[in-house]
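Below, each chain spelled out in residue letters.
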Amino acid sequence: MKKKIKGKKILKAAGRTVSAAFVLFFCMAQRVYASTISESKLAKGTEQLISDATTWLMILAPVVAGLLIIYFCIRRSAADEMDQKKWNNRIVVAIVSCIGAVIGSATLNLIISYYQ
């Protein structure tokens, strides 16, 4: 019984020591300012990658949406009345998704342009 109590005391003391070490570490940590991150290859490459991806998305989204709408219209013309409602919904979703993709891509392109 005394060994269990002694073990608990040791664990509590170790926990307090580790907690104090973490608090001391975070309180005494020095701040590091990185002034050359914007000039690094990684930052410039990531910026260029996002710019190129958004440009391609602005081109590809309407093309893919147009192809899907054509396909959905063909399928709608061959469907009965109940299925035509589903194909109409799919056409609306394709249009809204295209608009969302183009607006999102243009917004990202605009934000990236401020960092250049």
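Let us look at the structure shown here. (Residues numbered from 1 in each chain as written. Predicted model: local features only at pLDDT ≥ 70, side-chain atom pairs only at ≥ 80, totals over all residues. Heavy atoms only, no water.)

## Focus: a positive patch on the surface
Next up, step 1: On the surface, a cluster of positive charge is made up of Lys8, Lys9, Lys12 and Arg16.
Next up, step 2: Tracing the chain through its elements places lysine 9 in helix 1 (residues 2-28). (Patch = residues over 30% accessible without salt bridge, like charges linked within 9 Å, V, L, I, M, F, W, Y side chains within 5 Å. Areas by Shrake-Rupley, 256 points an atom, 1.4 Å probe, with all protein chains shown as cover. Salt bridge = Lys/Arg side-chain N within 4 Å of Asp/Glu carboxyl O. Lys, Arg positive; Asp, Glu negative; His and termini not counted. Charge placed at Lys NZ, Arg CZ, Asp CG, Glu CD. Helix = DSSP H or I, 4+ residues; strand = E, 2+ residues; numbered from the N terminus.)

## Observations concerning helix 2 (residues 41-77)
Next up, step 1: Given a rise of 1.5 Å per residue, 37 residues ought to cover 54 Å, and the 53 Å separating the end C-alpha atoms of helix 2 matches this to within 8%.
Next up, step 2: At leucine 60, helix 2 is bent by approximately 25°, the largest bend along its length, and proline proline 62 sits one to four residues beyond.
Next up, step 3: Taken together, the buried positions of helix 2 are occupied by Ser51, Thr54, Ala61, Ala65 and Phe72.
Next up, step 4: In this structure, the buried residues of helix 2 make contact with helix 3 (81-114). (Expected span 1.5 Å × (residues − 1). Bend = angle between axes of the 7 residues up to and from the residue. Buried < 20%, exposed > 50% of the residue type's maximum accessible area, 1.4 Å probe, protein only. Contact = heavy atoms within 4.5 Å.)

## With respect to the packing of aromatic side chains
Next up, step 1: Under the defined criterion, the tally for this structure stands at three aromatic pairs.
Next up, step 2: On the numbers, 5.9 Å between centres and 55° between planes, the contact of tyrosine 71 with phenylalanine 72 is tilted.
Next up, step 3: Taking relative accessible area as the criterion, tyrosine 71 reaches 41% and is therefore assigned partly exposed.
Next up, step 4: Classification of phenylalanine 72 by relative accessible area gives buried; the value is 13%.
Next up, step 5: Seen in terms of ring centroids, tyrosine 71 and tryptophan 87 are 6.4 Å apart; in terms of plane orientation they differ by 85°. Their pairing is edge-to-face. Here tyrosine 71, found in helix 2, pairs with tryptophan 87, found in helix 3; they are 16 residues apart in sequence, far enough to count as distant.
Next up, step 6: Given a relative accessible area of 9%, tryptophan 87 falls into the buried group.
Next up, step 7: Lying over the aromatic face of tryptophan 87, arginine 90 brings its terminal NZ or CZ to 4.4 Å of the ring centre. (Phe/Tyr/Trp six-rings, centres within 6.5 Å; stacked < 30°, edge-to-face > 60°. Lys NZ or Arg CZ within 6 Å of the ring centre and 35° of its normal.)

## Things to note about the nonpolar core
Next up, step 1: Residues Phe72, Ala79, Trp87, Ile91 and Ala94 constitute the largest nonpolar core, which totals five residues.
Next up, step 2: Sorting elements by how many residues they give to this core places helix 3 first, with three residues.
Next up, step 3: Look past the residues within four positions of alanine 79 in its chain and what remains in contact with it is Gln84 and Trp87. (Core = buried A, V, L, I, M, F, W, Y, C linked by side-chain atoms within 4.5 Å.)

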